[in-house]
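Architecture at a glance
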Amino acid sequence: MLWPFSLAGTAPTWVVVLLGFADLAIRILALGIIPGNRRPTTAMAWLLGIFFIPFVGIVLFLLFGNFRLSSRRRAQQQLVNERVQAGITALSDAESDYPGPEWVKSAAELNRTLGSLPMVDGNSVDLIPGYPDSILEMTKAVRKAKKFVNAEFYIMSSDHVTNDLLTAMEEAAERGVEVRLLFDHIGTLRIKGYRKLLNRLRAGKIQWKRMLPLLPIHGQWRRPDLRNHRKIMVIDGEIAFTGSQNLIEPSYNNPRHRKAGREWVELMACLRGPIVTTLNVVFATDWLSETDESLEHQLQLPANPEPGTVTAQVVPSGPGFITENNLRLFNTLIYSAQHRISICSPYFVPDDSLLYAITTAAQRGVDVELFVSEKGDQFLVHHAQRSYYEALLEAGVRIYLYKAPFVLHAKHFTIDDEVAVLGSSNMDMRSFSLNLEVSVMLLGEDIVNKMRAVEDTYRDISHELKLADWLNRPLAARYVDNVARLTATVQ
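Residues numbered from 1 in each chain as written. Predicted model: local features only at pLDDT ≥ 70, side-chain atom pairs only at ≥ 80, totals over all residues. Heavy atoms only, no water.

Within an unreviewed UniProt entry, the label attached to the protein chain reads Cardiolipin synthase, and the organism entered is Pseudarthrobacter defluvii. Looking at the Subcellular location (unreviewed entry) heading of the UniProt record, one finds this comment for the protein chain: "Cell membrane". (UniProt positions renumbered as here; feature names shortened; annotations may be inferred.)

Here's the deal with the overall build of the protein chain
A count of helices and strands for the protein chain gives 20 helices and 20 strands. In the protein chain, which comprises 491 residues, the proportion classed as buried is 58%. Considering only residue pairs separated by 6 or more positions, the protein chain has 80% of its internal contacts joining residues 24 or more positions apart. Taken as a whole, the protein chain presents about 20500 Å² of accessible surface, with 57% of it coming from carbon and sulfur. (Helix = DSSP H or I, 4+ residues; strand = E, 2+ residues; numbered from the N terminus. Buried < 20%, exposed > 50% of the residue type's maximum accessible area, 1.4 Å probe, protein only. Contact = heavy atoms within 4.5 Å. Areas by Shrake-Rupley, 256 points an atom, 1.4 Å probe, with all protein chains shown as cover.)

Let's talk about unusual backbone geometry
A cis geometry characterises the amide bond from Ala404 onward to Pro405, with omega recorded as 10°. The residue Pro405 is located in the loop between β14 (398–402) and β15 (407–408) in this model. One non-glycine residue, Ser116, lies in the positive phi region at around 75°. Along the chain, the position of Ser116 falls in the loop between α6 (102–115) and β1 (120–128). The residue Asn253 is not glycine, and still its phi comes out positive at about 55°. Residue position: Asn253 is located in the loop between β7 (239–243) and α11 (255–260).

Topic: the packing of aromatic side chains
On inspection of all chains with the given rule, the structure shows 9 aromatic pairs. Measuring from centroid to centroid gives 5.4 Å for Phe371 and Tyr400, while their planes differ by 25°, and the two rings are stacked. Of this pair, Phe371 sits in strand β13 (residues 367–373) while Tyr400 sits in strand β14, placing them 29 residues apart in sequence. With a centroid separation of 5.9 Å and an interplanar angle of 85°, the aromatic rings of Tyr402 and Tyr458 are classed as edge-to-face. Of the two residues, Tyr402 is situated in strand β14 and Tyr458 in helix α18 (residues 445–461); the sequence distance between them amounts to 56 residues. Comparing Tyr402 with Tyr458 shows no difference in burial state: the two are buried. (Phe/Tyr/Trp six-rings, centres within 6.5 Å; stacked < 30°, edge-to-face > 60°.)

Some thoughts on helix α15 (residues 379–386)
Of the positions making up α15, those classed as buried are His382, His383, Ala384, Gln385 and Arg386. The secondary structure elements touched by the buried residues of α15 are β12 (348–349), β13, α16 (389–395), α19 (467–471) and α20 (475–486).

Comments concerning the side chain of Asp428
Within the element layout of this structure, Asp428 appears in strand β18 (residues 427–428). Buried charge Asp428 goes without a salt bridge, the closest partner of opposite sign being Arg430 at 6.0 Å. Those residues in contact with Asp428 that sit more than four places away from it in its chain are Tyr347 and Val349. (Lys, Arg positive; Asp, Glu negative; His and termini not counted. Salt bridge = Lys/Arg side-chain N within 4 Å of Asp/Glu carboxyl O.)

Some remarks on the UniProt feature "domain: PLD phosphodiesterase" (unreviewed entry) in the protein chain
Cross-referencing UniProt, the feature "domain: PLD phosphodiesterase" (unreviewed entry) maps to residues 224–251 and 404–431 in the present numbering. This span, residues 224–251, is 0% helix and 43% strand, and a straight line between its end C-alpha atoms measures 25 Å. Structurally, residues 404–431 is divided into 11% helix and 46% strand, and its ends, taken at the C-alpha atoms, are 24 Å apart.

Structural data, given as C-alpha coordinates:
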(Lines give C-alpha, C1' and ligand atoms only; values in the text may rest on other atoms or scores of the structure.)
Protein backbone atom coordinates (compact mmCIF):
# COMPACT_ATOMS: atom_id res chain seq x y z
CA MET A 1 0.00 0.00 0.00
CA LEU A 2 2.99 2.31 -0.50
CA TRP A 3 2.13 3.59 -3.94
CA PRO A 4 -0.45 6.26 -2.91
CA PHE A 5 2.12 7.83 -0.62
CA SER A 6 4.68 8.01 -3.41
CA LEU A 7 2.52 10.86 -4.68
CA ALA A 8 3.45 12.92 -1.63
CA GLY A 9 4.91 16.21 -2.74
CA THR A 10 3.29 16.01 -6.18
CA ALA A 11 -0.38 15.90 -5.13
CA PRO A 12 -2.45 17.56 -2.38
CA THR A 13 -2.43 15.75 0.95
CA TRP A 14 -6.14 15.04 0.79
CA VAL A 15 -5.71 13.26 -2.57
CA VAL A 16 -2.95 11.05 -1.13
CA VAL A 17 -5.08 10.21 1.92
CA LEU A 18 -8.16 9.51 -0.20
CA LEU A 19 -6.21 7.20 -2.51
CA GLY A 20 -4.71 5.45 0.51
CA PHE A 21 -8.16 4.77 1.97
CA ALA A 22 -9.45 3.62 -1.44
CA ASP A 23 -6.49 1.26 -1.82
CA LEU A 24 -7.06 -0.21 1.65
CA ALA A 25 -10.81 -0.52 1.06
CA ILE A 26 -10.28 -2.39 -2.23
CA ARG A 27 -7.96 -4.89 -0.53
CA ILE A 28 -10.28 -5.50 2.42
CA LEU A 29 -13.37 -5.89 0.22
CA ALA A 30 -11.51 -8.18 -2.16
CA LEU A 31 -10.55 -10.53 0.67
CA GLY A 32 -14.19 -11.10 1.56
CA ILE A 33 -15.76 -11.07 -1.92
CA ILE A 34 -13.44 -12.74 -4.43
CA PRO A 35 -13.08 -16.19 -2.73
CA GLY A 36 -16.86 -16.73 -2.85
CA ASN A 37 -17.81 -19.68 -5.12
CA ARG A 38 -14.33 -19.82 -6.69
CA ARG A 39 -11.56 -22.36 -6.55
CA PRO A 40 -8.90 -21.30 -4.00
CA THR A 41 -6.25 -21.15 -6.75
CA THR A 42 -8.45 -18.90 -8.88
CA ALA A 43 -9.27 -16.64 -5.95
CA MET A 44 -5.61 -16.39 -4.97
CA ALA A 45 -4.62 -15.41 -8.50
CA TRP A 46 -7.17 -12.60 -8.54
CA LEU A 47 -6.19 -11.44 -5.05
CA LEU A 48 -2.51 -11.30 -5.96
CA GLY A 49 -3.33 -9.18 -9.00
CA ILE A 50 -5.48 -6.80 -6.98
CA PHE A 51 -2.95 -6.54 -4.14
CA PHE A 52 -0.09 -5.75 -6.52
CA ILE A 53 -1.99 -3.35 -8.80
CA PRO A 54 -5.24 -2.52 -6.97
CA PHE A 55 -7.03 -0.24 -9.40
CA VAL A 56 -5.96 -2.06 -12.56
CA GLY A 57 -6.63 -5.41 -10.87
CA ILE A 58 -10.16 -4.46 -9.83
CA VAL A 59 -10.98 -3.24 -13.36
CA LEU A 60 -9.76 -6.55 -14.83
CA PHE A 61 -11.77 -8.44 -12.22
CA LEU A 62 -14.93 -6.53 -13.10
CA LEU A 63 -14.37 -7.40 -16.78
CA PHE A 64 -13.32 -11.03 -16.41
CA GLY A 65 -14.13 -12.12 -12.87
CA ASN A 66 -17.72 -13.26 -13.42
CA PHE A 67 -17.82 -16.42 -15.55
CA ARG A 68 -21.60 -16.80 -15.41
CA LEU A 69 -23.97 -15.63 -18.09
CA SER A 70 -26.49 -12.93 -17.32
CA SER A 71 -29.34 -13.70 -14.97
CA ARG A 72 -31.71 -13.51 -17.95
CA ARG A 73 -29.75 -16.17 -19.84
CA ARG A 74 -29.54 -18.43 -16.79
CA ALA A 75 -33.29 -18.03 -16.21
CA GLN A 76 -33.94 -19.05 -19.82
CA GLN A 77 -31.76 -22.12 -19.38
CA GLN A 78 -33.65 -23.09 -16.23
CA LEU A 79 -36.98 -22.57 -18.00
CA VAL A 80 -35.95 -24.84 -20.86
CA ASN A 81 -34.73 -27.46 -18.38
CA GLU A 82 -38.12 -27.42 -16.67
CA ARG A 83 -39.95 -27.69 -20.00
CA VAL A 84 -37.82 -30.66 -21.01
CA GLN A 85 -38.53 -32.38 -17.73
CA ALA A 86 -42.25 -31.63 -17.59
CA GLY A 87 -43.47 -30.91 -21.10
CA ILE A 88 -41.61 -32.99 -23.65
CA THR A 89 -43.40 -36.25 -22.99
CA ALA A 90 -41.99 -37.97 -26.06
CA LEU A 91 -38.50 -37.81 -24.61
CA SER A 92 -39.70 -39.03 -21.23
CA ASP A 93 -41.41 -41.99 -22.89
CA ALA A 94 -38.21 -42.84 -24.76
CA GLU A 95 -36.06 -42.92 -21.63
CA SER A 96 -33.61 -45.81 -21.47
CA ASP A 97 -33.78 -49.07 -19.63
CA TYR A 98 -30.06 -49.72 -20.16
CA PRO A 99 -28.96 -53.03 -18.59
CA GLY A 100 -25.33 -52.06 -18.06
CA PRO A 101 -23.32 -51.68 -14.83
CA GLU A 102 -24.65 -49.62 -11.94
CA TRP A 103 -21.84 -47.05 -12.27
CA VAL A 104 -23.01 -46.27 -15.81
CA LYS A 105 -26.58 -45.79 -14.61
CA SER A 106 -25.27 -43.56 -11.82
CA ALA A 107 -23.43 -41.39 -14.36
CA ALA A 108 -26.60 -41.15 -16.45
CA GLU A 109 -28.58 -40.05 -13.39
CA LEU A 110 -25.95 -37.40 -12.68
CA ASN A 111 -26.28 -36.11 -16.24
CA ARG A 112 -30.09 -36.06 -15.98
CA THR A 113 -29.93 -34.13 -12.71
CA LEU A 114 -27.47 -31.55 -14.03
CA GLY A 115 -28.53 -31.16 -17.66
CA SER A 116 -32.16 -32.36 -17.63
CA LEU A 117 -31.80 -34.60 -20.68
CA PRO A 118 -32.59 -38.34 -20.46
CA MET A 119 -30.58 -41.32 -21.61
CA VAL A 120 -32.29 -42.88 -24.65
CA ASP A 121 -32.00 -46.24 -26.44
CA GLY A 122 -32.23 -47.23 -30.10
CA ASN A 123 -29.70 -44.89 -31.72
CA SER A 124 -27.24 -45.41 -34.56
CA VAL A 125 -23.85 -43.71 -34.46
CA ASP A 126 -21.32 -43.45 -37.29
CA LEU A 127 -17.93 -41.89 -36.54
CA ILE A 128 -16.43 -39.66 -39.23
CA PRO A 129 -12.70 -39.03 -38.68
CA GLY A 130 -11.99 -37.43 -42.08
CA TYR A 131 -12.18 -33.62 -42.09
CA PRO A 132 -13.70 -33.20 -45.60
CA ASP A 133 -15.76 -36.37 -45.16
CA SER A 134 -17.83 -34.90 -42.34
CA ILE A 135 -18.61 -31.74 -44.29
CA LEU A 136 -19.58 -33.88 -47.29
CA GLU A 137 -21.96 -35.95 -45.15
CA MET A 138 -23.54 -32.82 -43.65
CA THR A 139 -23.95 -31.37 -47.15
CA LYS A 140 -25.71 -34.54 -48.37
CA ALA A 141 -28.07 -34.46 -45.40
CA VAL A 142 -28.94 -30.78 -45.88
CA ARG A 143 -29.73 -31.37 -49.56
CA LYS A 144 -32.34 -33.93 -48.47
CA ALA A 145 -33.90 -31.65 -45.83
CA LYS A 146 -37.67 -31.23 -46.03
CA LYS A 147 -38.63 -29.31 -42.86
CA PHE A 148 -35.74 -27.66 -41.04
CA VAL A 149 -31.97 -27.40 -40.68
CA ASN A 150 -30.55 -26.21 -37.36
CA ALA A 151 -26.81 -25.57 -37.21
CA GLU A 152 -24.58 -24.02 -34.57
CA PHE A 153 -20.80 -23.92 -34.69
CA TYR A 154 -18.18 -22.06 -32.74
CA ILE A 155 -16.39 -20.99 -35.93
CA MET A 156 -18.01 -20.56 -39.34
CA SER A 157 -16.32 -19.61 -42.60
CA SER A 158 -17.20 -19.24 -46.26
CA ASP A 159 -14.30 -20.91 -48.04
CA HIS A 160 -13.45 -23.58 -50.62
CA VAL A 161 -14.14 -26.42 -48.13
CA THR A 162 -17.43 -25.13 -46.68
CA ASN A 163 -18.82 -23.55 -49.86
CA ASP A 164 -20.88 -26.60 -50.92
CA LEU A 165 -22.42 -26.91 -47.45
CA LEU A 166 -23.34 -23.22 -47.34
CA THR A 167 -24.77 -23.46 -50.83
CA ALA A 168 -26.86 -26.47 -49.79
CA MET A 169 -28.20 -24.49 -46.80
CA GLU A 170 -29.00 -21.51 -49.01
CA GLU A 171 -30.80 -23.72 -51.55
CA ALA A 172 -32.75 -25.42 -48.76
CA ALA A 173 -33.90 -22.02 -47.48
CA GLU A 174 -34.90 -21.02 -51.03
CA ARG A 175 -37.15 -24.08 -51.38
CA GLY A 176 -38.96 -23.34 -48.12
CA VAL A 177 -36.98 -25.30 -45.56
CA GLU A 178 -36.51 -23.41 -42.29
CA VAL A 179 -32.74 -22.98 -42.01
CA ARG A 180 -31.31 -21.53 -38.80
CA LEU A 181 -27.64 -20.88 -38.19
CA LEU A 182 -25.77 -19.81 -35.04
CA PHE A 183 -22.06 -19.04 -34.77
CA ASP A 184 -19.99 -17.62 -31.93
CA HIS A 185 -19.41 -13.91 -32.46
CA ILE A 186 -15.80 -13.60 -31.28
CA GLY A 187 -14.77 -17.10 -32.35
CA THR A 188 -15.81 -16.36 -35.94
CA LEU A 189 -14.90 -12.65 -35.96
CA ARG A 190 -11.19 -13.41 -35.56
CA ILE A 191 -11.12 -15.67 -38.65
CA LYS A 192 -10.02 -14.23 -41.97
CA GLY A 193 -13.04 -13.72 -44.24
CA TYR A 194 -15.56 -12.75 -41.53
CA ARG A 195 -17.03 -9.88 -43.59
CA LYS A 196 -17.33 -12.15 -46.60
CA LEU A 197 -19.36 -14.60 -44.51
CA LEU A 198 -21.67 -11.85 -43.20
CA ASN A 199 -22.28 -10.49 -46.70
CA ARG A 200 -23.14 -13.96 -47.94
CA LEU A 201 -25.58 -14.64 -45.09
CA ARG A 202 -27.25 -11.23 -45.48
CA ALA A 203 -27.84 -11.92 -49.17
CA GLY A 204 -29.71 -15.19 -48.60
CA LYS A 205 -32.72 -16.54 -46.71
CA ILE A 206 -30.89 -18.37 -43.93
CA GLN A 207 -32.00 -17.16 -40.50
CA TRP A 208 -28.77 -16.49 -38.61
CA LYS A 209 -27.57 -14.96 -35.37
CA ARG A 210 -24.30 -14.42 -33.58
CA MET A 211 -23.96 -16.33 -30.32
CA LEU A 212 -22.88 -14.37 -27.22
CA PRO A 213 -22.48 -11.19 -29.27
CA LEU A 214 -20.33 -8.32 -27.98
CA LEU A 215 -22.11 -5.34 -29.50
CA PRO A 216 -22.12 -2.58 -26.84
CA ILE A 217 -23.97 -0.11 -29.06
CA HIS A 218 -26.85 -2.62 -29.15
CA GLY A 219 -26.68 -3.21 -25.41
CA GLN A 220 -25.11 -6.65 -25.84
CA TRP A 221 -22.22 -6.97 -23.37
CA ARG A 222 -20.86 -9.66 -21.05
CA ARG A 223 -17.54 -11.02 -19.90
CA PRO A 224 -15.68 -10.80 -23.23
CA ASP A 225 -14.00 -14.21 -23.11
CA LEU A 226 -17.17 -16.30 -22.69
CA ARG A 227 -17.71 -18.47 -25.78
CA ASN A 228 -20.33 -20.79 -27.23
CA HIS A 229 -18.06 -23.61 -28.32
CA ARG A 230 -20.74 -26.13 -29.37
CA LYS A 231 -20.86 -27.90 -32.74
CA ILE A 232 -24.31 -29.23 -33.66
CA MET A 233 -26.29 -29.77 -36.85
CA VAL A 234 -29.82 -31.24 -36.86
CA ILE A 235 -31.81 -31.98 -40.04
CA ASP A 236 -35.58 -32.58 -39.87
CA GLY A 237 -35.22 -34.09 -36.39
CA GLU A 238 -34.05 -37.30 -38.10
CA ILE A 239 -30.29 -36.95 -38.32
CA ALA A 240 -27.71 -34.99 -36.32
CA PHE A 241 -23.99 -34.28 -36.37
CA THR A 242 -21.79 -33.28 -33.46
CA GLY A 243 -18.16 -33.50 -32.41
CA SER A 244 -15.05 -31.36 -32.48
CA GLN A 245 -15.07 -29.80 -35.94
CA ASN A 246 -15.81 -26.21 -36.85
CA LEU A 247 -17.16 -25.26 -40.28
CA ILE A 248 -13.95 -23.98 -41.83
CA GLU A 249 -11.16 -25.35 -44.01
CA PRO A 250 -8.65 -27.46 -42.05
CA SER A 251 -5.90 -24.79 -41.86
CA TYR A 252 -8.34 -22.18 -40.51
CA ASN A 253 -7.82 -19.80 -43.45
CA ASN A 254 -4.39 -18.99 -42.08
CA PRO A 255 -1.51 -18.67 -44.60
CA ARG A 256 1.02 -19.38 -41.85
CA HIS A 257 -0.65 -22.70 -41.09
CA ARG A 258 -0.80 -23.62 -44.77
CA LYS A 259 2.88 -22.84 -45.25
CA ALA A 260 3.75 -25.09 -42.29
CA GLY A 261 1.43 -27.85 -43.54
CA ARG A 262 -0.58 -27.53 -40.32
CA GLU A 263 -4.12 -28.93 -40.46
CA TRP A 264 -6.62 -29.75 -37.73
CA VAL A 265 -7.53 -33.42 -37.17
CA GLU A 266 -11.15 -33.89 -36.06
CA LEU A 267 -13.75 -36.49 -35.12
CA MET A 268 -17.45 -36.02 -35.81
CA ALA A 269 -20.40 -38.34 -35.27
CA CYS A 270 -23.50 -38.81 -37.40
CA LEU A 271 -26.41 -39.85 -35.18
CA ARG A 272 -29.94 -41.11 -35.79
CA GLY A 273 -32.65 -41.96 -33.29
CA PRO A 274 -34.07 -40.26 -30.18
CA ILE A 275 -30.66 -38.72 -29.40
CA VAL A 276 -31.28 -36.36 -32.33
CA THR A 277 -34.18 -34.79 -30.44
CA THR A 278 -32.06 -34.18 -27.35
CA LEU A 279 -29.34 -32.52 -29.44
CA ASN A 280 -32.04 -30.34 -30.96
CA VAL A 281 -33.09 -29.33 -27.44
CA VAL A 282 -29.60 -27.88 -26.95
CA PHE A 283 -29.83 -25.97 -30.23
CA ALA A 284 -33.32 -24.75 -29.32
CA THR A 285 -32.01 -23.46 -26.00
CA ASP A 286 -29.29 -21.43 -27.70
CA TRP A 287 -31.67 -20.16 -30.39
CA LEU A 288 -34.13 -19.04 -27.71
CA SER A 289 -31.34 -17.23 -25.87
CA GLU A 290 -30.32 -15.27 -28.96
CA THR A 291 -33.74 -14.65 -30.54
CA ASP A 292 -36.50 -15.21 -27.93
CA GLU A 293 -38.10 -17.61 -30.46
CA SER A 294 -39.21 -20.97 -29.10
CA LEU A 295 -38.68 -24.09 -31.21
CA GLU A 296 -40.62 -26.49 -28.99
CA HIS A 297 -42.73 -27.57 -31.98
CA GLN A 298 -39.58 -29.21 -33.44
CA LEU A 299 -38.80 -31.32 -30.39
CA GLN A 300 -40.56 -34.51 -31.41
CA LEU A 301 -39.10 -37.98 -31.74
CA PRO A 302 -37.97 -39.00 -35.26
CA ALA A 303 -40.32 -41.02 -37.46
CA ASN A 304 -38.02 -44.04 -37.21
CA PRO A 305 -37.53 -44.02 -33.42
CA GLU A 306 -35.04 -46.92 -33.15
CA PRO A 307 -32.64 -47.10 -36.10
CA GLY A 308 -29.83 -48.68 -34.06
CA THR A 309 -28.74 -50.29 -30.81
CA VAL A 310 -26.65 -47.58 -29.14
CA THR A 311 -27.82 -46.00 -25.88
CA ALA A 312 -26.86 -42.33 -25.65
CA GLN A 313 -27.26 -39.18 -23.57
CA VAL A 314 -26.56 -35.54 -24.41
CA VAL A 315 -24.75 -33.50 -21.75
CA PRO A 316 -24.89 -29.71 -22.18
CA SER A 317 -22.57 -27.62 -20.03
CA GLY A 318 -21.32 -24.08 -19.61
CA PRO A 319 -21.89 -20.82 -17.74
CA GLY A 320 -25.64 -21.10 -18.34
CA PHE A 321 -25.67 -23.81 -15.67
CA ILE A 322 -24.76 -23.36 -12.01
CA THR A 323 -22.64 -26.55 -12.10
CA GLU A 324 -19.74 -27.73 -14.26
CA ASN A 325 -21.67 -30.56 -15.88
CA ASN A 326 -18.91 -31.86 -18.14
CA LEU A 327 -16.24 -31.86 -15.41
CA ARG A 328 -18.52 -33.76 -13.01
CA LEU A 329 -19.31 -36.37 -15.66
CA PHE A 330 -15.67 -36.80 -16.68
CA ASN A 331 -14.54 -37.25 -13.07
CA THR A 332 -17.36 -39.71 -12.32
CA LEU A 333 -16.52 -41.90 -15.29
CA ILE A 334 -12.77 -41.82 -14.71
CA TYR A 335 -13.16 -42.80 -11.04
CA SER A 336 -15.46 -45.66 -12.15
CA ALA A 337 -13.00 -47.14 -14.65
CA GLN A 338 -11.75 -50.64 -13.87
CA HIS A 339 -9.50 -51.56 -16.80
CA ARG A 340 -8.78 -48.90 -19.40
CA ILE A 341 -9.09 -45.16 -20.04
CA SER A 342 -8.16 -43.58 -23.38
CA ILE A 343 -8.35 -39.78 -23.61
CA CYS A 344 -7.92 -37.47 -26.59
CA SER A 345 -7.91 -33.76 -25.84
CA PRO A 346 -6.17 -30.97 -27.79
CA TYR A 347 -6.09 -28.67 -24.76
CA PHE A 348 -5.42 -30.72 -21.63
CA VAL A 349 -5.12 -28.32 -18.69
CA PRO A 350 -6.99 -30.08 -15.86
CA ASP A 351 -8.10 -28.68 -12.55
CA ASP A 352 -6.98 -30.50 -9.42
CA SER A 353 -10.05 -32.75 -9.31
CA LEU A 354 -9.54 -34.07 -12.85
CA LEU A 355 -5.78 -34.45 -12.42
CA TYR A 356 -6.34 -36.48 -9.25
CA ALA A 357 -8.99 -38.64 -10.94
CA ILE A 358 -6.69 -39.51 -13.85
CA THR A 359 -3.52 -40.07 -11.82
CA THR A 360 -5.44 -42.06 -9.18
CA ALA A 361 -6.85 -44.31 -11.90
CA ALA A 362 -3.34 -45.02 -13.19
CA GLN A 363 -2.01 -45.62 -9.67
CA ARG A 364 -4.73 -48.18 -8.92
CA GLY A 365 -3.80 -50.22 -11.96
CA VAL A 366 -6.07 -48.88 -14.72
CA ASP A 367 -4.34 -48.59 -18.12
CA VAL A 368 -4.53 -44.86 -18.89
CA GLU A 369 -3.38 -43.25 -22.13
CA LEU A 370 -3.56 -39.64 -23.28
CA PHE A 371 -3.36 -38.42 -26.89
CA VAL A 372 -2.25 -34.82 -27.39
CA SER A 373 -0.55 -32.80 -30.11
CA GLU A 374 3.22 -32.80 -30.28
CA LYS A 375 3.03 -29.06 -30.97
CA GLY A 376 -0.06 -27.05 -30.06
CA ASP A 377 -1.52 -24.11 -31.92
CA GLN A 378 -1.87 -21.90 -28.81
CA PHE A 379 1.40 -20.99 -27.09
CA LEU A 380 0.24 -20.47 -23.50
CA VAL A 381 -2.23 -23.36 -23.48
CA HIS A 382 0.30 -25.73 -25.02
CA HIS A 383 2.98 -24.87 -22.47
CA ALA A 384 0.49 -24.97 -19.58
CA GLN A 385 -0.51 -28.45 -20.77
CA ARG A 386 3.13 -29.58 -20.84
CA SER A 387 3.51 -28.58 -17.19
CA TYR A 388 1.24 -31.53 -16.23
CA TYR A 389 3.15 -34.22 -18.13
CA GLU A 390 5.59 -35.01 -15.33
CA ALA A 391 2.85 -35.74 -12.78
CA LEU A 392 0.96 -37.84 -15.32
CA LEU A 393 4.00 -39.86 -16.39
CA GLU A 394 5.08 -40.46 -12.80
CA ALA A 395 1.60 -41.83 -12.03
CA GLY A 396 1.85 -44.26 -14.92
CA VAL A 397 -0.19 -42.46 -17.60
CA ARG A 398 1.11 -43.15 -21.12
CA ILE A 399 1.26 -39.98 -23.23
CA TYR A 400 1.24 -40.14 -27.03
CA LEU A 401 2.29 -37.05 -28.99
CA TYR A 402 0.48 -36.74 -32.33
CA LYS A 403 3.11 -35.74 -34.87
CA ALA A 404 3.50 -32.10 -35.84
CA PRO A 405 2.60 -30.10 -37.83
CA PHE A 406 -0.90 -31.57 -37.45
CA VAL A 407 -3.11 -30.37 -34.57
CA LEU A 408 -5.07 -33.22 -32.98
CA HIS A 409 -8.27 -31.29 -32.27
CA ALA A 410 -10.59 -34.29 -31.68
CA LYS A 411 -12.19 -34.43 -28.21
CA HIS A 412 -13.27 -37.81 -26.88
CA PHE A 413 -12.49 -40.57 -24.41
CA THR A 414 -13.41 -44.18 -23.67
CA ILE A 415 -13.87 -46.00 -20.36
CA ASP A 416 -13.42 -49.80 -20.19
CA ASP A 417 -15.65 -51.46 -22.80
CA GLU A 418 -18.72 -49.56 -21.60
CA VAL A 419 -18.61 -45.84 -22.35
CA ALA A 420 -17.44 -43.47 -25.07
CA VAL A 421 -17.81 -39.70 -24.74
CA LEU A 422 -17.52 -37.37 -27.72
CA GLY A 423 -18.25 -33.70 -28.21
CA SER A 424 -16.93 -30.15 -28.22
CA SER A 425 -15.44 -30.07 -24.71
CA ASN A 426 -11.73 -29.94 -24.09
CA MET A 427 -10.29 -31.11 -20.78
CA ASP A 428 -9.31 -27.67 -19.58
CA MET A 429 -10.73 -25.11 -17.21
CA ARG A 430 -11.97 -22.91 -20.04
CA SER A 431 -14.23 -25.71 -21.28
CA PHE A 432 -15.37 -26.49 -17.74
CA SER A 433 -16.24 -22.92 -16.70
CA LEU A 434 -16.22 -20.39 -19.56
CA ASN A 435 -17.42 -22.19 -22.70
CA LEU A 436 -20.86 -23.49 -23.57
CA GLU A 437 -20.13 -27.08 -24.59
CA VAL A 438 -22.03 -30.19 -25.63
CA SER A 439 -20.94 -33.81 -25.07
CA VAL A 440 -22.61 -37.10 -25.94
CA MET A 441 -22.19 -40.15 -23.72
CA LEU A 442 -22.43 -43.33 -25.84
CA LEU A 443 -22.86 -46.74 -24.22
CA GLY A 444 -21.98 -50.26 -25.27
CA GLU A 445 -19.05 -52.33 -26.49
CA ASP A 446 -19.80 -51.76 -30.18
CA ILE A 447 -19.45 -47.97 -30.09
CA VAL A 448 -16.44 -48.22 -27.77
CA ASN A 449 -14.74 -50.51 -30.28
CA LYS A 450 -15.43 -48.00 -33.06
CA MET A 451 -13.85 -45.26 -30.96
CA ARG A 452 -10.91 -47.49 -30.07
CA ALA A 453 -10.29 -48.07 -33.78
CA VAL A 454 -9.94 -44.29 -34.18
CA GLU A 455 -7.63 -44.16 -31.16
CA ASP A 456 -5.50 -46.90 -32.73
CA THR A 457 -4.89 -44.69 -35.77
CA TYR A 458 -3.71 -41.90 -33.45
CA ARG A 459 -1.28 -44.23 -31.71
CA ASP A 460 0.15 -45.38 -35.05
CA ILE A 461 0.99 -41.82 -36.08
CA SER A 462 2.21 -40.68 -32.64
CA HIS A 463 5.34 -41.25 -30.60
CA GLU A 464 5.24 -42.07 -26.91
CA LEU A 465 6.69 -39.60 -24.43
CA LYS A 466 8.92 -41.27 -21.82
CA LEU A 467 9.47 -39.92 -18.31
CA ALA A 468 13.28 -40.08 -18.52
CA ASP A 469 13.30 -38.04 -21.73
CA TRP A 470 10.84 -35.54 -20.31
CA LEU A 471 12.88 -34.97 -17.16
CA ASN A 472 15.91 -34.18 -19.32
CA ARG A 473 14.24 -31.39 -21.25
CA PRO A 474 15.98 -27.97 -21.11
CA LEU A 475 15.52 -25.85 -17.98
CA ALA A 476 14.32 -22.94 -20.14
CA ALA A 477 11.46 -25.08 -21.49
CA ARG A 478 10.52 -26.16 -17.96
CA TYR A 479 10.48 -22.50 -16.88
CA VAL A 480 8.16 -21.48 -19.73
CA ASP A 481 5.82 -24.40 -18.98
CA ASN A 482 5.56 -23.45 -15.31
CA VAL A 483 4.93 -19.77 -16.04
CA ALA A 484 2.23 -20.69 -18.57
CA ARG A 485 0.60 -22.92 -15.96
CA LEU A 486 -0.18 -19.84 -13.86
CA THR A 487 -2.49 -18.52 -16.59
CA ALA A 488 -4.73 -21.58 -16.25
CA THR A 489 -6.01 -20.55 -12.81
CA VAL A 490 -7.55 -17.18 -13.67
CA GLN A 491 -11.29 -17.58 -14.35
